[in-house]
Amino acid sequence: MSCARARQADAVLSMVTDRFDAATIRALPRLGVISNLAVGVDNIDLAAATRAGVAVGHTPGILTETTADLAFALLMAAARRIAEGDRYVRGGRWRTWGPKVMLGRDVHGATLGIIGWGAIGQAMARRAAGFGMRVLYLPGPHATRSGRSDSLARASVTADLPAPVPVSLERLLADSDFVSLHVPLTSETRHMIGASEFAMMKRTAILINTARGAIVDRDALTGVLRAGRLAGAGLDVTDPEPIGPNDPLLRLPNVVITPHIGSASHATRLKMAELAVDNVIDVFEGRHPRHCANPTVRLRWRERRPDTAGEET
Ligand code: NAP
């Protein structure tokens, strides 16, 4: 987005590719709301927006199931070598049926470790239940305070399957056949999965990342995949995005990469667009956005409009 074009804007409808750092926010004196077409808001300096009185809207909830569908599709694709098999066929290498051709890993009965036990992580667990997988999860930092993780864990399983089990990160990494990332990108989660975490994982494990690329140390990931210390990866997000054409990950057959399309279904993108617009309208009408990533913000927009000032407490 051109900062010059946005200078007169009261609201910005932003994409995850638009960066709003403190300097950019300071340079937009009229801005009342940044409405992000995403649930993640790591492209926006939330503290700077809050200081400036700029509300940040986002689109949680409505993209949960669609993103979990894609995460599970990547898990299946990496386990059963779908993209590799497709390249094999198109490349004219399919000569005959062979007992050792394109052997992959079983998904049913395997153990799935979920890092990020929020909306999408739990939607992933529901899919895993259908495949008879055992689910381990890392409780979030607010799990104890709210009790949210445990109650949702009990609610999300079918009667004949064991409940998802809360475990430490070390245990999750050591015991899982698939590790799926669903945490937001924050200063705590940046490079949360690096060389020492990969060293704890099974050599036969597969990493799925539909959260944000920078949660994983890219060089460490490339190293373990190349060395055969990790069986494969399914990535919808990379660091950087888009991934460079010469990135070594693109030369590894055991990696499936999609171009950040987790929420990209016709129906979900329409809902996201509607919610992003509603978030803007809320601010124009003097309220916080209905889905506000910085709910403590004191709205600059309301203070500029004496007719609405003081309406909302
Ligand atoms: P959510 O409901 O807020 O869940 C995030 C979970 O991560 C929460 O349970 C939170 O725990 C946990 N968490 C945060 N920091 C943690 C840490 N340091 N250690 C362990 N757990 C931690 O969000 P969501 O809707 O599931 O979305 C998750 C992320 O997916 C988004 O932030 C976004 O980056 C990504 N995403 C990607 C796509 C795509 O197109 N690929 C689409 C949608 C979303 P607490 O509840 O205890 O705080």
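Basis of the calculations
Residues numbered from 1 in each chain as written. Predicted model: local features only at pLDDT ≥ 70, side-chain atom pairs only at ≥ 80, totals over all residues. Heavy atoms only, no water. Salt bridge = Lys/Arg side-chain N within 4 Å of Asp/Glu carboxyl O. Helix = DSSP H or I, 4+ residues; strand = E, 2+ residues; numbered from the N terminus. Buried < 20%, exposed > 50% of the residue type's maximum accessible area, 1.4 Å probe, protein only. Pairing = 2+ DSSP bridges. Right-handed = clockwise from strand over helix to strand, strands pointing away. Expected span 1.5 Å × (residues − 1).

Draft legend 1. Region of the structure containing the pattern of salt bridges. Throughout the structure, instances matching the rule amount to 15 salt bridges. For Arg126, the salt bridge goes to Glu65, with nearest N and O atoms at 2.6 Å. Of this pair, Arg126 sits in helix 6 (residues 119-130) while Glu65 is found in helix 4 (residues 64-80), placing the two residues 61 residues apart along the sequence. Classification of Arg126 by relative accessible area gives partly exposed; the value is 37%. The partner of Asp219 in a salt bridge is Arg218, with the nearest N and O atoms 3.7 Å apart. Using a relative accessible area of 33% as the deciding quantity, one classes Arg218 as partly exposed. Through salt bridges with shared partners, one network takes in Asp278, Asp282, Glu285, Arg287 and Arg290.

Draft legend 2. Structural view of the pairing of strand 8 (residues 206-209). Neither face of strand 8 is open: one carries Ile206 and Ile208, the other Leu207 and Asn209, and all of them are buried. As paired strands, strand 7 (residues 178-181) and strand 8 are joined by four bridges and run parallel to one another. Counted as the bridge partner of Phe178 is Ile206 from strand 8. Handedness of the β-α-β unit built from strand 7, helix 10 (residues 195-200) and strand 8 comes out right-handed. For the handedness criterion, the β-α-β arrangement of strand 8, helix 11 (residues 218-226) and strand 9 (residues 232-235) is classed as right-handed.

Draft legend 3. Region of interest: helix 6. In a regular helix each residue adds 1.5 Å, so 12 residues correspond to 16 Å; helix 6 covers 18 Å between its end C-alpha atoms and thus fits that length. Most of helix 6 is tucked away: nine of the 12 residues are buried. Taken as a whole, helix 6 has its buried residues at Ile120, Gly121, Gln122, Ala123, Met124, Ala125, Arg127, Ala128 and Ala129. A positive phi of about 65 degrees marks Gly132, the residue just after helix 6.

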